[in-house]
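Summary of structural features
If you want the building blocks of each chain, they are given just below.
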Amino acid sequence: LFGIKNSGKTVAGLNYLIHEPHLMQNQNKVYFFSPTLDQKLINFQKDHPDNFIIIDEFNVKTFQEVIKDIKETVEKWKQDKMLLELFELYLKDKKKLDLECIQILEDNNYLQDFDFENFNYDYPPIHTVMIDDSLGSPMISSRGKDAQIFNNFAIRHRHFYCNLFIMSQYPKGINKVI
């Protein structure tokens, strides 16, 4: 999202989230990077405390923590999905499962504590990364090592089931790779 100063880029991003409420339900999370923390962001976080996370610095450390969280959540979903498929096979015909599969189910208590009701069987959690007022960060505007970390994510974010929004006043200041 690009626009001049005070044109409503942040509000437009938040409005998008309001019109796509599934992005902040269950395990779906929004990571909002912004060094300019204002009241509308604070209020939005109060309304969505479990799914809207504000990070006030856009740097390698904070970004890698978010990416790690996203990857772990997707990997956990994949493991749970595999367990559900094993369990389904077990219910249909347990004779088709080898001892290793039975052991996996036993180790997981035959999914007795599994939250079947809230598990999304169709796709993993969808995360959204929103970067606002962070053009001064070398991760977005340079060609150095820091920029390479972000560029790799920007190019591959869809493989992590992740949306990516960059809100800025100066589109030309963003690395051309992105």
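This text follows the structure it describes.
Parameters at a glance
- Residues numbered from 1 in each chain as written.
- Predicted model: local features only at pLDDT ≥ 70, side-chain atom pairs only at ≥ 80, totals over all residues.
- Heavy atoms only, no water.
- Helix = DSSP H or I, 4+ residues; strand = E, 2+ residues; numbered from the N terminus.
- Rg over C-alpha atoms; globule rule 2.2 N^0.38 Å.
- Buried < 20%, exposed > 50% of the residue type's maximum accessible area, 1.4 Å probe, protein only.
- Contact = heavy atoms within 4.5 Å.
- Areas by Shrake-Rupley, 256 points an atom, 1.4 Å probe, with all protein chains shown as cover.
- Lys, Arg positive; Asp, Glu negative; His and termini not counted.
- Charge placed at Lys NZ, Arg CZ, Asp CG, Glu CD.
- Pairing = 2+ DSSP bridges.
- Axes fitted to C-alpha atoms, helices over the stretch in contact; angles between N-to-C directions.

Details of the overall build of the protein
Within the protein one finds six helices and four strands. Reading the secondary structure of the protein in the N-to-C direction produces α-β-α-β-α-α-β-α-α-β. For 178 residues, the compact-globule estimate of 2.2 N^0.38 gives 16 Å, and the C-alpha radius of gyration of the protein, at 20 Å, exceeds that figure by more than 25%. Dimensions along the principal axes, computed over C-alpha positions, put the protein at roughly 65 × 35 × 20 Å. Taken over 178 residues, the protein has a buried fraction of 39%. By sequence separation, contacts in the protein at least 24 residues apart represent 67% of the contacts at least 6 residues apart. Split by element, the accessible area of the protein, about 11000 Å² in all, is 50% carbon and sulfur. For the protein, the distance from the average position of its 21 positive side-chain charges to the average position of its 25 negative side-chain charges is 9 Å.

Structural notes on the sheet that holds strand E4 (residues 162–167)
Strand order in the open sheet made by the four strands is E2-E1-E3-E4, with parallel pairing throughout. Each having just a single partner strand, strand E2 (52–55) and E4 make up the two edges of the open sheet. Along the sheet, successive strands turn relative to each other by an average axial angle of 15°, direction set aside. Looking at chain direction, strand E1 (residues 29–33) and E2 are connected through four bridges and run parallel. Bridge assignment links Val30 to a residue of E2, and that residue is Phe52. On top of the sheet, helix H6 (residues 145–156) reaches strand E3 (127–132) and E4; it is set at about 125° to E4, its chief contact.

Some words on the environment of Asp80
Looking at the element boundaries, Asp80 is found in helix H3 (residues 60–93). Between the C-alpha atom of Asp80 and that of Phe114, which follows or precedes it by 34 residues, the distance is 8.9 Å. Aside from chain neighbours lying at most four places away, what touches Asp80 is Phe114 and Phe119.

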